[in-house]
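# Breakdown of the fold
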Amino acid sequence: MADVALTTSPSPPTAEAGAPPRPAFEIVPLRGLPIVAVVLACLVAAIATNRLWALDFFHVVGGGLWTGIDLFVGFIVGPILGRLSIPARMEFSTRFMPKMLLLMPTLVIITLAAGWQLARHEGFILSTHTHHGWVVASMVIVGVMAVIALGLLEPANLAVLFELKKPRPNGELIGKLMRRFIYTAGITGALQVATLVIMTRLATV
Amino acid sequence: MTAAPETEQIVDVYERRLPPVAELAVFSMALVIVSGIYLAAHLPHRPPLAPAEGLLAAAGVLLVADAVVVSRLSPFNWEVFFRVGGWALLAYGVIAGMLEFIFVFDHTRGASLVVFTLSLVVFAIDVPLLLAFSVARYQEVGPPPRR
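The structure contained in this document is the topic of the report that follows. (Residues numbered from 1 in each chain as written. Chains lettered and ligands numbered in written order. Predicted model: local features only at pLDDT ≥ 70, side-chain atom pairs only at ≥ 80, totals over all residues. Heavy atoms only, no water.)

### Some words on the overall build of chain A
When helices and strands are counted, chain A shows 5 helices and 1 strand. From first element to last, N terminus to C terminus, chain A shows the α and β order β-α-α-α-α-α. Scored against the burial criterion, the 205 residues of chain A give a buried share of 52%. When the accessible area of chain A is evaluated, it comes to approximately 9700 Å², of which 70% is carbon and sulfur surface. (Helix = DSSP H or I, 4+ residues; strand = E, 2+ residues; numbered from the N terminus. Buried < 20%, exposed > 50% of the residue type's maximum accessible area, 1.4 Å probe, protein only. Areas by Shrake-Rupley, 256 points an atom, 1.4 Å probe, with all protein chains shown as cover.)

### Quick word on the pattern of salt bridges
Residues and elements named next belong to chain A. Counted by the stated rule, this structure contains 4 salt bridges over all chains. When the shortest N-O distance is used, the salt bridge between R95 and E91 registers 3.4 Å. Taken as a pair, R95 and E91 lie in helix α3 (residues 86–122) at a separation of 4 residues, close to a single helical turn. On the basis of relative accessible area, R95 is assigned to the partly exposed category, the value being 46%. (Salt bridge = Lys/Arg side-chain N within 4 Å of Asp/Glu carboxyl O.)

### Some details on helix α4 (residues 132–165) of chain A
All names here are of chain A. Between its first and last C-alpha atoms α4 spans 47 Å; for 34 residues at 1.5 Å apiece the expected length is 50 Å, and the two agree. A bend of about 35° at A149 is the largest found in α4. By the criterion of burial, α4 is predominantly enclosed, with 25 of the 34 residues buried. (Expected span 1.5 Å × (residues − 1). Bend = angle between axes of the 7 residues up to and from the residue.)

### Some points on the packing of α4 of chain A against helix α3 (residues 78–105) of chain B
Two elements in contact, α4 of chain A and α3 of chain B, have axes separated by 13 Å at closest approach and are oriented at 130°. Here α4 of chain A lies oblique to α3 of chain B, going by the angle between them. Two packed elements cross with a definite hand, and for α4 of chain A against α3 of chain B that hand is right-handed. Taking contact as the criterion, the partners of L150, E154, L158 and F162 of chain A in α4 of chain A are, on α3 of chain B, V80, R83, V84 and Y92 of chain B. Here the contact of α4 of chain A with α3 of chain B is built from residues that sort into 6 nonpolar, no polar and 2 charged. (Axes fitted to C-alpha atoms, helices over the stretch in contact; angles between N-to-C directions. Parallel < 35°, antiparallel > 145°, perpendicular 65-115°, else oblique. Left-handed = near helix turned anticlockwise from the far one by under 90°. Contact = heavy atoms within 4.5 Å. Nonpolar A, V, L, I, M, F, W, Y, C, P; charged D, E, K, R; others polar.)

### Side note on the environment of V205 of chain A
Along the chain, the position of V205 of chain A falls in the segment after α5 (171–203). Along the sequence, V205 of chain A and G189 of chain A sit 16 residues apart, while their C-alpha atoms lie 25 Å from each other.

### Quick notes on the packing of aromatic side chains
Residue and element names in this part refer to chain B. The full count for this structure, using the stated rule, is 13 aromatic pairs over all chains. For the ring pair Y92 and F123, a centre distance of 6.1 Å and an interplane angle of 70° mean the geometry is edge-to-face. Taken together, the positions of Y92 in helix α3 and F123 in helix α4 (residues 110–136) put the pair 31 residues apart, joining distant regions of the chain. With relative accessibility at 4%, the residue Y92 sits in the buried group. Among the residues examined, F123 registers a relative accessible area of 12% and is labelled buried. Residues F103 and F116 carry aromatic rings whose centres are separated by 4.1 Å and whose planes lie at 20° to one another, so their mutual orientation is stacked. One end of the pair, F103, is in helix α3; the other, F116, is in helix α4, and 13 residues separate them in sequence. You can call F116 buried: its relative accessible area is 9%. One aromatic cluster is present, built from ring pairs that chain together F76, W78, F81, F82 and F133. (Phe/Tyr/Trp six-rings, centres within 6.5 Å; stacked < 30°, edge-to-face > 60°.)

### A closer look at unusual backbone geometry
Each neighbour pair has its own omega, and for S74 of chain B with P75 of chain B the value is 0°, a cis peptide bond. Tracing the backbone through its elements, the reader meets P75 of chain B in the loop between α2 (50–71) and α3. Of note in this structure, N50 of chain A is not a glycine but carries a positive phi near 55°. One can find N50 of chain A in the loop between α1 (33–49) and α2 (52–82). Relative accessible area serves as the criterion here: at 31%, N50 of chain A is assigned to the partly exposed category. For H107 of chain B, which is not glycine, the phi dihedral falls at a positive 65°. Mapped onto the elements, H107 of chain B comes out in the loop between α3 and α4.

### Comments concerning the packing of α1 of chain A against α3 of chain A
Residue and element names in this part refer to chain A. Where α1 meets α3, the closest approach of the two axes is 10 Å, and the angle between their N-to-C directions is 5°. Comparing the axis directions of α1 and α3 gives the class roughly parallel. For the pair formed by α1 and α3, the contact residues are L33, V36, V39, L40, L43 and I47 on the first element and L102, T106, I109, I110, A113, A114 and Q117 on the second. Of the residues belonging to the contact of α1 with α3, the class tally is 11 nonpolar, 2 polar and no charged.

Here it is as C-alpha cells:
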C-alpha cells in the first residue's frame, strides 16, 4: 500500500499577505471554565432544592439569552459578517467563536434542565394537564433545534477554530463553515420565536 | 514521516470525499431525541416502551456502524480526532450526567430509566464523535502507521 501524505491544498486561499495578523487565541477559553462550573453547580442546587424562583430564574435567563443570541447572530451579526473581507472575518472569528463555544452549550443545558424541572413543578409535563400539548410542541421544537445546533452549528464552529489555528488557514473553508454557522443560527433563531410563543402562552394560562 | 518518497501521494484534505460519518451521527442523535420526546410526552404514565426501544436500538446500530466507518478512515489525523473527541466526551459526559441526575431525582425508575440512560450514552458518544470527525477531517497528517 502506498503511503499517503495528507495535506492542505498546495496553494489554499489564505489570508492575503499584509492582512492584519490573527490574534493568538484559545479554542476553549480556559478562563471561562470556572464560571461555567459555578453556573452548573448553581443549576444543580436549584434542581435539588426544587425552588420555584431558582428554576424560573435559570429557565428565563438562560432561555432569554439563548433566544436573543441566536436571533442576534443569525439576523444581525451574520449579514454584517458576510460583507466583511476574509481577513476581517478571520479576526472577528478568532475573538467571537471561542466564546460561543463555551457560552451556548451552557445556556442550552441550563435552559433545558431548569425548564424540564419547572414544567414538572408546575404540572405542565403531565399528560393530564390541559396545556400539555404546548409542552410537547416545545419539546419537538427543542429537539429539532438540538439536532441543528449539535449536528451542524457546533461542528462548524469548532472546525473554524481549528482552521484558524493553522499557519495558513483556508479562507474558502472558513467562509463555507461560517456561512453554515450563521444560517443555522438563523434557523434556530426562527425556531426560537416559535418557542417564545409557546412559553409566553404557558406563562399566561 | 515514514513515507517512502517514491510512493508518497498527496491528498487534498479540503477536496477529498469521505464517507457519511457526520450524517450517520446526526441521524443517530435524532433517533434518541425522538425516543426521549416520546417517553417524556407520556408522563406520568408509562407508555409502551417498544417504540422507544426500537428507536434506541436503531440509534445504537447507527452509532456502531459510524464508529466502524471512522475506524477505517485512512489516512486520517487520529491525534486530533482523539484529542477533540476526548475533551468533547468529557463535556458531553457532564451534560448527560446532569440530565441523568434529573431523571433519577424525579424518580424515574425501571425500564424507562434504562432507556433514558442508554439514550444519554448514545447521545454522549454521538456528539463527540461528530465534533472530532468534523475537525480532524481537515487536519494535515503524515502517512498512516505501519501495520
